[in-house]
Amino acid sequence: MNAANEIWVYLAASPLIWLALTLVVYRGAQEVQRRGGGHPILNPVLISVAVLVVILTLTQTPYARYFDGAQFVHFLLGPATVALAVPLHGQLSRLVALWRPLAIALAAGSLAAALSAYAIAGLMGASLATQLSLAPKSVTTPIAMGIAERLGGLPSLTAVLVILTGILGAVAGDGLLKRLRVTDDASIGFALGVASHGIGTARAFQISETAGAFAALAMGLNGLLTSIALPLLLPWIARLLGH
Amino acid sequence: MISALALFLSLQLAGEVIRLALHLPVPGPVIGMVLLLAILILRGGPSVELRATSNGLLQHLSLLFVPAGTGVMLHMGRLGDEGVAILTALVISTLIGLAVAGLILHRLTRQANPDQTP
């Protein structure tokens, strides 16, 4: 018992166990989704996060210690984002030909998501700081946190809302769109990228490379658009809503 | 694989330098993505190796969000008293964003290329 305890104390303090656990849990989550016929509700991010939160809570492991190990996986987000240029290049001729519908869908989807979040939270009695933290939740975390800070929201609250938005879009997005008879991969991917950034883009790559490329484009452009448009539009919308 | 990773990391680094030098609101990796796209356009496409490494990374894009995603455990308490309002706004607005972007693009592209989209 003592020996086992000593081994645990040693391992829990090293990055190895948390890195290994991240990969093993993700592999298991992938297997769960595969056996479930690829159903989007069995999203591997959702399952992995849920399992890891339970394990960390039960073992009383602080998130910072877990991240010491998991950061090696997290770090790959940077090069993976750069790598999105390859599928984008593959769809380039279609993206150029469709620039006008893409721009309209981007502006409408982006503003609808941000402004409805702001307005609904306000109608339900949330504080202004909370409303401002919600508005940029559809864009990728570093951009969203920067916008929240500039608007006067709480960047750390925005960070959670961004993750929850991403998982929700990945879980519910293509089901909702199919119900609305949006059936082509380009539109599904683009909507996933506009509304739920990188996690939505990861889901889009599960559907097809076309969906993934359109999602990557939407994610990048929405980051740009939201960081420019939201600080300009929100004061105006706030006046309109009577704040 | 190594030369592709070296390229991705160098372009990410270049993106960070550009972001810091020009005070851009866009993250370094996104600028790196634009730089790589420009290189691919100039070169006429990715090498076999570049394509394979890119596919390898992007196939498991979901995995890369797990460490940051697990961070929700730190801040769930922040939802606090306003939890219901926040989650309601989050769910409805995300579904609205998905529906608006998806429906508009689908309608507009179906008009433009009636034979391309069923």
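Keep in mind it's a predicted model, so treat the numbers as computed, not measured.

(A) Up close: the overall build of chain B. Of the regular secondary structure elements, chain B holds 7 helices and 0 strands. Taken from N to C terminus, the helices and strands of chain B fall in the order α-α-α-α-α-α-α. What you see for chain B is a C-alpha radius of gyration of 20 Å, clearly larger than the 13 Å of a compact globule of 118 residues, by over 25%. Expressed along its principal axes, the backbone C-alpha trace of chain B runs to roughly 50 × 45 × 30 Å.

(B) Here's a closer look at the overall build of chain A. Within chain A, the secondary structure is distributed over 13 helices and 0 strands. The N-to-C order of helical and strand elements in chain A reads α-α-α-α-α-α-α-α-α-α-α-α-α. For a compact globule of 243 residues, the expected C-alpha radius of gyration is about 18 Å, and chain A comes in at 20 Å, within 12% of that figure. Principal-axis analysis of the C-alpha atoms places the extent of chain A at approximately 65 × 45 × 30 Å. Here the contacts in chain A between residues at least 6 apart in sequence split such that 61% fall between residues at least 24 apart.

(C) How the structure looks around the interface of chain A and chain B. Tallying the contact residues gives 92 residues for chain A and 68 residues for chain B. The element best represented in the side of chain A that touches chain B is helix 11 (residues 155-179) of chain A, accounting for 14 residues. Of the residues that constitute the side of chain A that touches chain B, the class distribution is 62 nonpolar, 28 polar and 2 charged.

(D) Broad picture of the packing of helix 10 (residues 141-151) of chain A against helix 13 (residues 209-240) of chain A. Residue and element names in this part refer to chain A. Viewed as axis vectors pointing N to C, helix 10 and helix 13 meet at an angle of 15 degrees, and their least axial separation amounts to 10 Å. The pairing of helix 10 with helix 13 is recorded here as roughly parallel in orientation. Relative to helix 13, helix 10 is oriented so that their crossing is right-handed. Taken together, the residues of helix 13 that come into contact with helix 10 (itself represented by Ile 143, Gly 146, Ile 147, Arg 150 and Leu 151) are Gly 223, Thr 226, Ser 227, Leu 230, Pro 231 and Leu 234. By residue class, the composition of the contact of helix 10 with helix 13 is 6 nonpolar, 4 polar and 1 charged.

(E) Helix 11 of chain A, seen in detail. Over its 25 residues, helix 11 of chain A runs 34 Å from end to end, which matches the ideal 36 Å to within 8%, given 1.5 Å per residue. Count one or two residues on from helix 11 of chain A and you reach Arg181(A), which has phi positive near 65 degrees.

(F) Fine view of the domain arrangement of chain B. The domain boundaries assigned to chain B delineate domain 1 (1-64) and domain 2 (73-118). Centre-to-centre separation of domain 1 of chain B and domain 2 of chain B, based on C-alpha positions: 27 Å.

(G) Structural detail: the domain arrangement of chain A. Splitting chain A by domain gives domain 1 (2-75) and domain 2 (83-240). Each of domain 1 of chain A and domain 2 of chain A was reduced to a C-alpha centroid, and the two centroids are 28 Å apart.

(H) Representation of unusual backbone geometry. One non-glycine residue, Arg181(A), lies in positive phi territory at about 65 degrees. When you line up the elements, Arg181(A) lands in the loop between helix 11 and helix 12 (185-207). Even without being a glycine, His23(B) presents a positive backbone phi close to 55 degrees.

(I) Spotlight on the environment of Val25(A). All names here are of chain A. The topology assignment puts Val 25 in helix 2 (residues 15-35). Considering only alpha carbons, one finds Val 25 and Val 49, 24 residues apart in sequence, at a separation of 8.9 Å. When sequence neighbours within four positions are dropped, the list of residues in contact with Val 25 reads Ser 48, Val 51 and Leu 52.

(J) Inspection of the nonpolar core at higher detail. Among the nonpolar cores identified, the biggest contains 110 residues, and Ala117(A), Phe190(A) and Ala101(B) are the most heavily contacted of them. Apart from residues lying up to four places away in sequence, Phe190(A) is in contact with Leu102(A), Ala105(A), Phe214(A), Ala215(A), Ala218(A), Ala101(B) and Leu105(B).

(K) Inspection of the confidence of the model for chain B at higher detail. All names here are of chain B. Confidence in the prediction for chain B averages 89 pLDDT; 93% of positions are at 70 or higher. Confidence, expressed as mean pLDDT per element, reaches its minimum in chain B at helix 6 (residues 72-79) with 79 and its maximum at helix 1 (residues 2-22) with 95. Reported confidences for the modelled complex are a pTM of 0.89 and an ipTM of 0.89.

(L) Just the confidence of the model for chain A, in detail. Here chain A averages 91 in pLDDT, and 99% of its residues register 70 or above. Ranking the elements of chain A by mean pLDDT puts helix 1 (residues 2-13) of chain A last with 81 and helix 12 of chain A first with 96.

(M) Up close: helix 3 (residues 44-58) of chain A. Here helix 3 of chain A contains 15 residues, and its C-alpha end-to-end distance of 21 Å stays within 8% of the 21 Å for a straight helix at 1.5 Å per residue. Restricting attention to buried positions, one finds in helix 3 of chain A the residues Pro44(A), Val45(A), Leu46(A), Ile47(A), Ser48(A), Val49(A) and Leu52(A). Elements in contact with the buried residues of helix 3 of chain A: helix 2, helix 11 and helix 12 of chain A together with helix 4 (61-64), helix 5 (66-70) and helix 6 of chain B. At the exit of helix 3 of chain A stands Gln60(A), carrying a positive phi of roughly 50 degrees.

(N) Quick look at the environment of Ala12(A). Residues and elements named next belong to chain A. Summarising the element assignment, Ala 12 is placed in helix 1. Separated by 159 residues in the primary sequence, Ala 12 and Val 171 place their C-alpha atoms 32 Å from one another. With near-sequence residues (within four places) excluded, Ala 12 lies in contact with Ile 17, Thr 59 and Thr 61.

(O) Just the packing of helix 1 of chain B against helix 3 (residues 48-59) of chain B, in detail. Residues and elements named next belong to chain B. Two elements in contact, helix 1 and helix 3, have axes separated by 8 Å at closest approach and are oriented at 70 degrees. Compared by their axis directions, helix 1 and helix 3 come out roughly perpendicular. Where helix 1 abuts helix 3, its residues Ser 3, Ala 4 and Leu 5 lie against Glu 49, Leu 50 and Thr 53. In terms of residue class, the contact of helix 1 with helix 3 is made up of 3 nonpolar, 2 polar and 1 charged.

Rules used in this analysis
Residues numbered from 1 in each chain as written. Chains lettered and ligands numbered in written order. Predicted model: local features only at pLDDT ≥ 70, side-chain atom pairs only at ≥ 80, totals over all residues. Helix = DSSP H or I, 4+ residues; strand = E, 2+ residues; numbered from the N terminus. Rg over C-alpha atoms; globule rule 2.2 N^0.38 Å. Contact = placed C-beta atoms within 7 Å. Nonpolar A, V, L, I, M, F, W, Y, C, P; charged D, E, K, R; others polar. Axes fitted to C-alpha atoms, helices over the stretch in contact; angles between N-to-C directions. Parallel < 35°, antiparallel > 145°, perpendicular 65-115°, else oblique. Left-handed = near helix turned anticlockwise from the far one by under 90°. Expected span 1.5 Å × (residues − 1). Domains from an automatic or database assignment. Core = buried A, V, L, I, M, F, W, Y, C linked by C-beta atoms within 7 Å. Buried ≥ 20, exposed ≤ 12 C-beta atoms within 10 Å, placed from the backbone. pLDDT = per-residue confidence, 0-100.

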